[in-house]
Amino acid sequence: MANPIRICIIGGGIIGASIGFYLSEAGCSNITIIERTNIACGASGRAGGFLAKNWRSGAEGKFSESSFLAHAELAQRLKDEFSTDVMYRRLTTFNITINENNDEVNTNKHTSDKQSLPNWITADVHEKEMLGDEDTTAQVHPGLLTNALVKIIESRGGRVIIGGANGFLFETITTHTEKDEHHQTSPVRAIKLLIEDQEPIEADIFILAMGPWTYQAAPWFRDAIVFKENISHQLDVIGGVKAHSIVLKNNQPTEPYAFFLAYQSHDGNVLDPEIYLRPNGDIYACGFSEEHTQNLPDSGNSVSINESNCERLRQIVVQVASTLKDSNVEIKQACYLPQSSDGSPLIGRLHGLNNVYIAAGHSCWGILNSLATGAQLTQLILKGEMSPFLKQCDPTRFYRRGGHR
Ligand SMILES: Cc1cc2nc3c(=O)[nH]c(=O)nc-3n(C[C@H](O)[C@H](O)[C@H](O)COP(=O)(O)OP(=O)(O)OC[C@H]3O[C@@H](n4cnc5c(N)ncnc54)[C@H](O)[C@@H]3O)c2cc1C
C-alpha cells in the first residue's frame, strides 16, 4: 500500500540509493534524492564492488551475510524485472604474495604450488591462500548498481535534484512527551532542507547519506538549540580516506577471479593492492590508501589524481599477468571511502532530533553492506525495529551529554 510519507535523502551514492530503493519497496513513492554532483560520483562509482559473505563475525557478520545474499537476489531481479545488468557474478578469491620484479614482464615461472591459480598469472607467487570461492565471494559493478537503484526509485515516483544541501530549518514540537525527556525522541524536528541557490525541500523524514562528506553537515545543526553541540558530534566523527584505482581495458582474461596482494616492493614496503576481473573484460585495480581527512574537495569528480600511483598500480597488474602489458589504462581515478572515528558505520536516528537519520561511514565495505543498510534502516524508519547490528551502529554512541539543554 502506498505510504504518503515524504522522504528526503541527501547523497546519491550507493547508501542513499539503497535506502531509497528499500523505502520504495515498502510503498514510499514520495522520495527525493539531493545529490551535489552526480549519482555515484564518489566512491560508489569508483569502488571495486567486491562482496564477501562471511569475512566478518558477530552481529556485523549476520548483517554482511544478509547483504551478500540480497545482492545475488537483487541482481537477478534487476535482470528479470528491469532488464538491467549490474555485472554481478560469483568469484574465486586469492591472497597472493609476490615480490617486485626488476622487469615489468616476468617470464612465466609457474611453480607447482600455483596449480589452482589461472594459467595467465605470470608473477612469481611466493605464497597463496584461497580466501573465498563462488559460495562466499562475488562482485558487482557499483556504479551500475547505484544508477539502477536510482532509476527504479524514479520510475516509482521519486526524483533526483542536483544541488548541494547546506542546512535545515527546524521547528519545536510542543506536544513532546515524557519519553522525549529521556532523549528517546526529541522535541525538535527538521522541516525543510536548504539547498544552495534552490528552493528548500520540505519532508517528513531526512536521511544524511553523504558518505565521507557527512562531517560537513555538523554546522547545519547550530539552530537546533535543544541539544545543539551534541548533535554535531555525531557527524563530526566521519571523514574520508583517499585511495586510487585504475581500469584497464583488455577484453581478456574475464574469468571470475579477485586477487588481494601482499606486494613486497624494492623499497621494503609491503603494498596491498586489489585486482578484480570484470565480466566485460575490464581489469580493476585499487590501492594506495592515505590518511583519514576532513579536507575533501566539494565534488567527487574533482579529487586530485596522483599519476605515479596509477602507473604503479598498472605495473603491479602487469607483473601479475604479463599478457596485460599492452592494455590501455582507460580510467585513472581517486576517491574517498567514508570512515568514522571508531571504524563502524553510523546508521540510525540522529540523537537529539525527531526525524533526521544518518547512514554513513561504511568504510571499505559500503558496496557489500549497502543493501542491508537500506533494508534495515527502512525497518527502523517505518516500524521502529532495530537489528543487533543497527544497535551497534546507533549514532548515539557519539552523543556527548553537555549543558546545552
Ligand atoms: C578504492 C575503493 C575501493 C572500494 N572497494 C569496495 C569493494 O570492493 N567492496 C565494498 O563493499 N566497498 C568498497 N569500497 C567502499 C565503498 O565504495 C564505500 O563504502 C561506499 O561507496 C560509500 O557509499 P556512500 O553512499 O556512503 O558514499 P559516496 O559514494 O561518497 O556518496 C556520497 C554522495 O553524497 C554526495 N554529497 C556529499 N555532500 C553533499 C551535499 N551537501 N549535498 C548533496 N549531496 C552531497 C556526494 O556527491 C556523493 O555522491 C571501496 C572504496 C574505495 C575508495
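Since the model is a prediction, treat every value here as computed from it, not as a measurement.

Caption draft 1: Representation of the packing of helix α1 (residues 14-25) against helix α8 (residues 366-383) in the model. Across the interface, α1 lies against α8 with an axial gap of 8 Å and an inter-helix angle of 35°. Relative to α8, the crossing made by α1 is right-handed. On α8, the residues that touch I14, I15, S18, I19, F21, Y22 and L23 of α1 are G366, I367, S370, L371, T373, G374, A375, L377 and T378. When the residues that make up the contact of α1 with α8 are grouped by side-chain class, the tally is ten nonpolar, six polar and no charged.

Caption draft 2: Spatial organisation of the sheet that holds strand β4 (residues 89-90). If you walk across this open sheet you meet the three strands as β3-β7-β4, and the pairing is antiparallel. Every other strand in the sheet has two partners, leaving β3 (50-52) and β4 as the edge strands with one partner each. Note that β3 and strand β7 (residues 137-139) share three bridges and pair antiparallel. Looking at the pairing, A52 lines up with T137 of β7.

Caption draft 3: Spatial organisation of helix α3 (residues 58-82). The end-to-end C-alpha separation of α3 is 35 Å, in line with the 36 Å expected for 25 residues at 1.5 Å each. The set of residues buried in α3 consists of F63, S64, S67, F68, H71, L74, A75 and L78. Residues of α3 that are buried in the fold lie against β3, β7, α4 (142-155), α8 and α9 (388-392). Where α3 ends, the next residue or the one after it, S83, has phi of about 50°, a positive value.

Caption draft 4: Examining the site of the ligand more closely. Close to the ligand lie 41 residues, the nearest being G11, G13, G42, G211 and G366. Sorting the residues of the shell around the ligand by element identifies α1, β2 (31-35), α2 (43-46), β13 (238-249), β19 (328-340) and α8 as the ones contributing at least two each. When the residues that make up the shell around the ligand are grouped by side-chain class, the tally is 23 nonpolar, 16 polar and two charged. Each of domain 1 (7-82 + 142-237 + 341-398) and domain 2 (92-133 + 240-337) gives at least three residues to the shell around the ligand.

Caption draft 5: Quick peek at the domain arrangement of the protein. The domain boundaries assigned to the protein delineate domain 1 (7-82 + 142-237 + 341-398) and domain 2 (92-133 + 240-337). Centre-to-centre, using C-alpha coordinates, domain 1 lies 31 Å away from domain 2. Contacts between the two partners involve 15 residues from domain 1, matched on the other side by 18 residues from domain 2. Within the residue set of the side of domain 1 that touches domain 2, elements represented by two or more residues are α2 and β3. Of the residues assigned to the side of domain 1 that touches domain 2, the class counts are eight nonpolar, five polar and two charged.

Rules of the game
Residues numbered from 1 in each chain as written. Predicted model: local features only at pLDDT ≥ 70, side-chain atom pairs only at ≥ 80, totals over all residues. Axes fitted to C-alpha atoms, helices over the stretch in contact; angles between N-to-C directions. Helix = DSSP H or I, 4+ residues; strand = E, 2+ residues; numbered from the N terminus. Left-handed = near helix turned anticlockwise from the far one by under 90°. Contact = placed C-beta atoms within 7 Å. Nonpolar A, V, L, I, M, F, W, Y, C, P; charged D, E, K, R; others polar. Pairing = 2+ DSSP bridges. Expected span 1.5 Å × (residues − 1). Buried ≥ 20, exposed ≤ 12 C-beta atoms within 10 Å, placed from the backbone. Near = placed C-beta within 6 Å. Domains from an automatic or database assignment.

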